[in-house]
Amino acid sequence: MLNNRLLYGGDYNPEQWLDRPDILEEDIRMLRKAGCNTVTLGIFSWAALEPQEGDFRFQWLENIVDRLYKNGIYTIMGTPSGARPKWLADKYPEVLRVDETGHRQMFGFRHNHCYTSPVYREKTALINKKLAKSFGNHPGVILWHISNELGGECRCPLCQDAFRRWLKERYRTIDELNRRWCTTFWSHTYQSFEQIEAPFTIGETQLHALNLDWKRFVTHQTRDFLRHEIDALREGGAKQPTTTNLMHYFQGLDYFKLAKDIDIVSWDTYPTWHKEEVLHTAYDNGMCHDLMRSLKKKPYLQMESCPTSTNWQSVSKLKKPGMLFAQMMQAIAHGAEGAMYFQVRQSRGASEKFHGAVIDHYGGSDTRVFKEVKETGEVLGKIGELLGSKVKSSVAILYDWESQWAMEDSQGPRNKGLHYMEVLLKFYRGFRRMGANVDLVDEEASLDGYRLLACPMVYMFKEGFAEKVRSFTENGGTVIFTYWSGIVDDTDRCYLGGVPYGLQDVLGLRSTEIDGLYDDEENSFIPVKENALGMQKTYGCRYLCDLVQLHGASAMMTYGADFYAGYPAVTVNSFGKGEAWYVAADADSDFYDDFLEKLVIRTKTAPILQGSIPDGIEMTTRETEKGCYYIYQNFGTTALQIPMPEGELRTVYGNPSEKLPVYGMVIVFQEK
Ligand code: GLA
Ligand code: ZN
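The text that follows walks through the structure, step by step, so that each part is easy to find. Predicted, not measured: the structure shown is a model, and the values here were computed from it.

1. Observations regarding the overall build of the protein chain
When you go through the protein chain residue by residue, the secondary structure sums to 17 helices and 23 strands. For a compact globule of 672 residues, the expected C-alpha radius of gyration is about 26 Å, and the protein chain comes in at 26 Å, within 12% of that figure. In terms of its C-alpha atoms, the protein chain occupies a principal-axis envelope of roughly 75 × 75 × 45 Å. Sorting the 672 residues of the protein chain into buried and exposed places 62% on the buried side. In the protein chain, the share of contacts with a sequence separation of at least 24, taken over all contacts with a separation of at least 6, comes to 73%. By element, 49% of the accessible surface of the protein chain is carried by carbon and sulfur atoms, the whole surface being about 26400 Å². Across the protein chain, the mean location of the 76 positive side-chain charges is 5 Å away from that of the 89 negative side-chain charges.

Structural data, given as structure tokens:
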């Protein structure tokens, strides 16, 4: 977005300080001092921009944008729909949401407007158009930030009508809907679309297909609102690209779909550093970055992160010295074109007054946090050449919102918890500790370019997915499935005739039964003697154990206990030019570490280095046409020696010949 400069700065709320011109002056001085080049403005400014209906006051914002620009600081301009002014809620109560108990909400909080309301749409379009007229061609405004953390649901009559229309479009006839939703169960058959209600806690909750379609509708309607906002900006003459800030695995929206409507993905990250092992948190946050990058498979932005502690987590932990730097650099390593904070200046009152900020209530630049912000800004200023390089992955993990929604909603083998996200992370860690870049893809994604595809707990096989995996494997790809995959179709109807649906010949097996284990129960994976993969250790497994019958696949490991001791637990089948693996139970992470290490080597999906990556180091690569950047970060507990690729290298940052200090970074470049 900025030539040769990674974006650095954060959310800035000058509307809270309009009575303090001295502070507004000081903010600019401090932003410059910290090496910031960008702020996000206007997100929660509606009441300051339109204090009375139709009375628009933009002068203060124009002054600030101009002053920032003169000082080399660019603006990402927010549209204010995330929090509406009181007059709007008072005069037009239809803009307030109806919740899952059927109650209309009162004015308050934020992110709680009805996306369907024609009045809300009219008012947002009006202010967006006016903002576009003022800032749509401003050289200092580089990006539009639509609303804020879109999310939530409304069940008002308008939204329910829109839902019925959406269903009619999707199923055409009520008979077809009844068939796909299996409504004969408990006599829930509908006679017309008009009878359908959204899921309510005081109404229908047990029709899984209704719940699933409602969630799909919420994504559809939110996208419609998002497009409505963007259309208004374009009508007002805005030329700049658009973004909206996402929240990694947020369960309220299918981000793969939503991302289609914006130009650039951005997201907000608040990892609980220092709660668990730092490396674990780094992998967790790394996987979120990779998911966000994978939404459009394009460079993205870290829109928010906290320079120190937040005020909303159960315990507000300070970032230990160096962590702020490591967190910001991790975004860049994973492919971001900028790393920003929430927030520039700490608010004085209300709910976020104790949330960390670049400038705290004391206000000086001689604070620990400000110094680290400044040092980080200096480094970002030096590594601008990374702009334009991209993370490329040969490994993908399948992550599909709709499949997860259906799986978590269905009553099945383990209502106490399926531990799905943990399984994803075990796979991710297994790949990343080898230095393999990882994309996350949904069932609709193209698999071209990947060589190794992991499909943990892909409960729902949507139309066409099994065929896609079949040809991926046939053409030489390696695929790994786990237990609880291919169970239902896209309206959550169970497949008949054996599962995993459509892939039993590819995997060379059929899943026959699945055992749910109590929390304190355990089983184990025992290596089959002289197995081709060379697995030698015994590993624990828990929570879910799938019993499979082999039809061509061979077992590498078997269960160690219970009546299914000796049954296959890890299997492989050759299919076409490729291989299909199956992991039958929720194995402990040491299993994944060893198993995936072997598969990454077998499929040559990680860069070759002189030595293995020590535990604690995260290594990512970003490529250009000319060559490759190797980025190393230490999320361990001691300084570590890092393995370099062979051949001539140029050092971009840090000192590759010394041990890499904790939270430090090294970047080297190798020409192709
Ligand atoms: C979210 C919001 C911000 C702010 C931060 C606090 O990410 O987008 O406005 O409230 O949380 O951590
Ligand atoms: Zn509504």
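Read on, since the account is not over.
2. A few points about the sheet that holds strand 3 (residues 74-78)
Reading around the circumference, 1-2-3-4-5-6-7-8 is the order of the eight strands in this closed barrel, with parallel pairing throughout. The average undirected angle you get between the axes of adjacent strands in this sheet is 30°. Pairing analysis gives two bridges linking strand 7 (residues 300-304) to strand 8 (residues 336-342), with the strands arranged parallel. Residue pairing for strand 8: glutamine 302 is matched across the bridge by alanine 339. Of the strands in this sheet, strand 5 (242-246), strand 6 (264-268) and strand 7 are in contact with helix 10 (residues 278-296), which crosses strand 6 at around 155°.

3. A closer look at the site of ligand 1
Inspection of the region around ligand 1 gives Phe44, Arg110, Asn148, Glu149, Asn245, Asp268, Tyr270, Glu304, Trp312, Phe342, Glu352 and His355 as its neighbouring residues. Within the side chain of tryptophan 312, a nitrogen or oxygen atom sits 2.7 Å from an oxygen atom of ligand 1. When ligand 1 is considered free in solution it has 310 Å² of accessible area, and contact with the protein chains removes 96% of it. Of the residues contributing to the shell around ligand 1, the split by class is four nonpolar, three polar and five charged.

4. As for the nonpolar core
The biggest cluster of nonpolar side chains holds 201 residues, and the ones touching the most others in it are Phe431, Phe525, Phe591 and Phe595. Looking at this core element by element, the count peaks at ten residues for helix 8 (residues 208-235). Beyond its immediate sequence surroundings of up to four residues, phenylalanine 591 is in contact with Phe525, Met535, Tyr539, Met557, Val570 and Val583. By size, the runner-up hydrophobic cluster in this structure holds 13 residues, among which are Ile613, Ile617, Met644 and Val668.

5. Considering the coordination of the zinc ion (ligand 2)
Bound to the zinc ion (ligand 2) on the protein side are Cys114 (SG), Cys154 (SG), Cys156 (SG) and Cys159 (SG), at distances that span 2.3 to 2.4 Å. For the zinc ion (ligand 2), the four donor atoms are set out with angles of 99 to 116° between them, so the coordination reads as tetrahedral.

6. Quick look at the pairing of strand 20 (residues 617-623)
Among the seven residues that make up strand 20, six are buried, leaving the element largely enclosed by the rest of the structure. Here seven bridges tie strand 20 to strand 21 (residues 627-634), and the two strands are oriented antiparallel to one another. Its bridge partner lying in strand 21, arginine 622 is registered against tyrosine 629. Once strand 20 ends, the chain turns through three residues before running back antiparallel as strand 21.

7. Looking at the packing of aromatic side chains
Across all of its chains, the model carries 39 aromatic pairs by this definition. Ring centres of tyrosine 120 and phenylalanine 225 lie 6.0 Å apart, and the angle between their planes is 15°; this geometry places the pair in the stacked category. Remark: phenylalanine 225 occurs in helix 8 and tyrosine 120 occurs in helix 5 (residues 118-135); sequence separation between them is 105 residues. The class of tyrosine 120 is buried, set by a relative accessible area of 0%. With a centroid separation of 6.2 Å and 75° between ring planes, the pair formed by phenylalanine 525 and tyrosine 559 is classed as edge-to-face. Of this pair, phenylalanine 525 sits in strand 14 (residues 523-527) while tyrosine 559 is found in strand 16 (residues 554-559), placing the two residues 34 residues apart along the sequence. Across the pair, tyrosine 559 and phenylalanine 525 agree in class, each one buried. Ring pairs connect the aromatic residues Phe427, Phe431, Phe525, Tyr539, Tyr559, Phe563, Tyr564, Tyr567, Trp581, Phe591, Tyr592 and Phe595, which therefore count as one cluster. Note that arginine 155 overlies the ring of phenylalanine 200, its terminal NZ or CZ placed 5.8 Å from the centroid. Over the face of the ring belonging to tryptophan 17 we find arginine 345, whose NZ or CZ atom lies 5.6 Å from the ring centre.

8. Observations concerning the pattern of salt bridges
Pairs can form between side chains of opposite charge whenever their charged atoms are close. Inspection of every chain in the model, using the stated rule, returns 48 salt bridges. Across the pair arginine 170 and aspartate 213 runs a salt bridge, and its minimum N-O distance is 3.6 Å. Note that arginine 170 is positioned in helix 6 (residues 157-171) and aspartate 213 in helix 8, a separation of 43 residues in sequence. Of the charged contacts in the structure, one is a salt bridge between arginine 293 and aspartate 439, with a shortest N-O distance of 2.8 Å. You can see arginine 293 sitting in helix 10 and its partner aspartate 439 sitting in strand 10 (residues 438-441), a full 146 residues away along the chain. A relative accessible area of 5% means that aspartate 439 is categorised as buried. Connected via shared salt-bridge partners are Arg170, Asp213, Arg216, Asp254, Lys257, Asp400, Glu402, Glu444 and Lys462.

9. With respect to helix 5
End to end, helix 5 covers 25 Å across 18 residues, agreeing with the expected 26 Å (1.5 Å per residue, within 8%). Turning to helix 5, its buried residues number three or more, namely Val119, Tyr120, Arg121, Lys123, Thr124, Ala125, Ile127, Asn128, Leu131, Ala132 and Phe135. In this fold, the buried residues of helix 5 make contact with helix 2 (46-49), helix 3 (59-70), strand 3, helix 4 (86-91), strand 4 (141-145) and helix 8.

10. Some details on the sheet that holds strand 20
Reading across from one edge, 20-21-23-22 is the order of the four strands in this open sheet, with antiparallel pairing throughout. The open sheet has two edge strands with one neighbour each: strand 20 and strand 22 (650-653). Averaged over all pairs of adjacent strands, the angle between their axes in this sheet comes to 25°, without regard to strand direction. Packed on one face of the sheet, helix 11 (residues 323-333) meets strand 20, strand 21, strand 22 and strand 23 (665-671) and runs near 155° to strand 21.

11. Let's talk about the side chain of threonine 244
Tracing the backbone shows threonine 244 in strand 5. Residue classification places threonine 244 among the buried residues on the basis of a relative accessible area of 0%. Here the side chain of threonine 244 touches isoleucine 146 through a polar contact of 2.8 Å, landing on its backbone oxygen. Beyond its immediate stretch of four places on either side in the chain, threonine 244 contacts Ile146, Leu150, Leu226, Leu258, Ile262, Ile264 and Ser266.

Calculation criteria
- Residues numbered from 1 in each chain as written.
- Chains lettered and ligands numbered in written order.
- Predicted model: local features only at pLDDT ≥ 70, side-chain atom pairs only at ≥ 80, totals over all residues.
- Heavy atoms only, no water.
- Helix = DSSP H or I, 4+ residues; strand = E, 2+ residues; numbered from the N terminus.
- Rg over C-alpha atoms; globule rule 2.2 N^0.38 Å.
- Buried < 20%, exposed > 50% of the residue type's maximum accessible area, 1.4 Å probe, protein only.
- Contact = heavy atoms within 4.5 Å.
- Areas by Shrake-Rupley, 256 points an atom, 1.4 Å probe, with all protein chains shown as cover.
- Lys, Arg positive; Asp, Glu negative; His and termini not counted.
- Charge placed at Lys NZ, Arg CZ, Asp CG, Glu CD.
- Pairing = 2+ DSSP bridges.
- Axes fitted to C-alpha atoms, helices over the stretch in contact; angles between N-to-C directions.
- Near = heavy atom within 4 Å.
- Polar contact = N/O pair within 3.5 Å; in protein donor to acceptor, adjacent residues only side chain to side chain.
- Nonpolar A, V, L, I, M, F, W, Y, C, P; charged D, E, K, R; others polar.
- Core = buried A, V, L, I, M, F, W, Y, C linked by side-chain atoms within 4.5 Å.
- Donors = N, O, S within 2.8 Å, 3.2 Å for Na, K, Ca; no water.
- Tetrahedral: all angles 85-135°; square planar, octahedral: opposite > 155°, others 65-115°.
- Phe/Tyr/Trp six-rings, centres within 6.5 Å; stacked < 30°, edge-to-face > 60°.
- Lys NZ or Arg CZ within 6 Å of the ring centre and 35° of its normal.
- Salt bridge = Lys/Arg side-chain N within 4 Å of Asp/Glu carboxyl O.
- Expected span 1.5 Å × (residues − 1).

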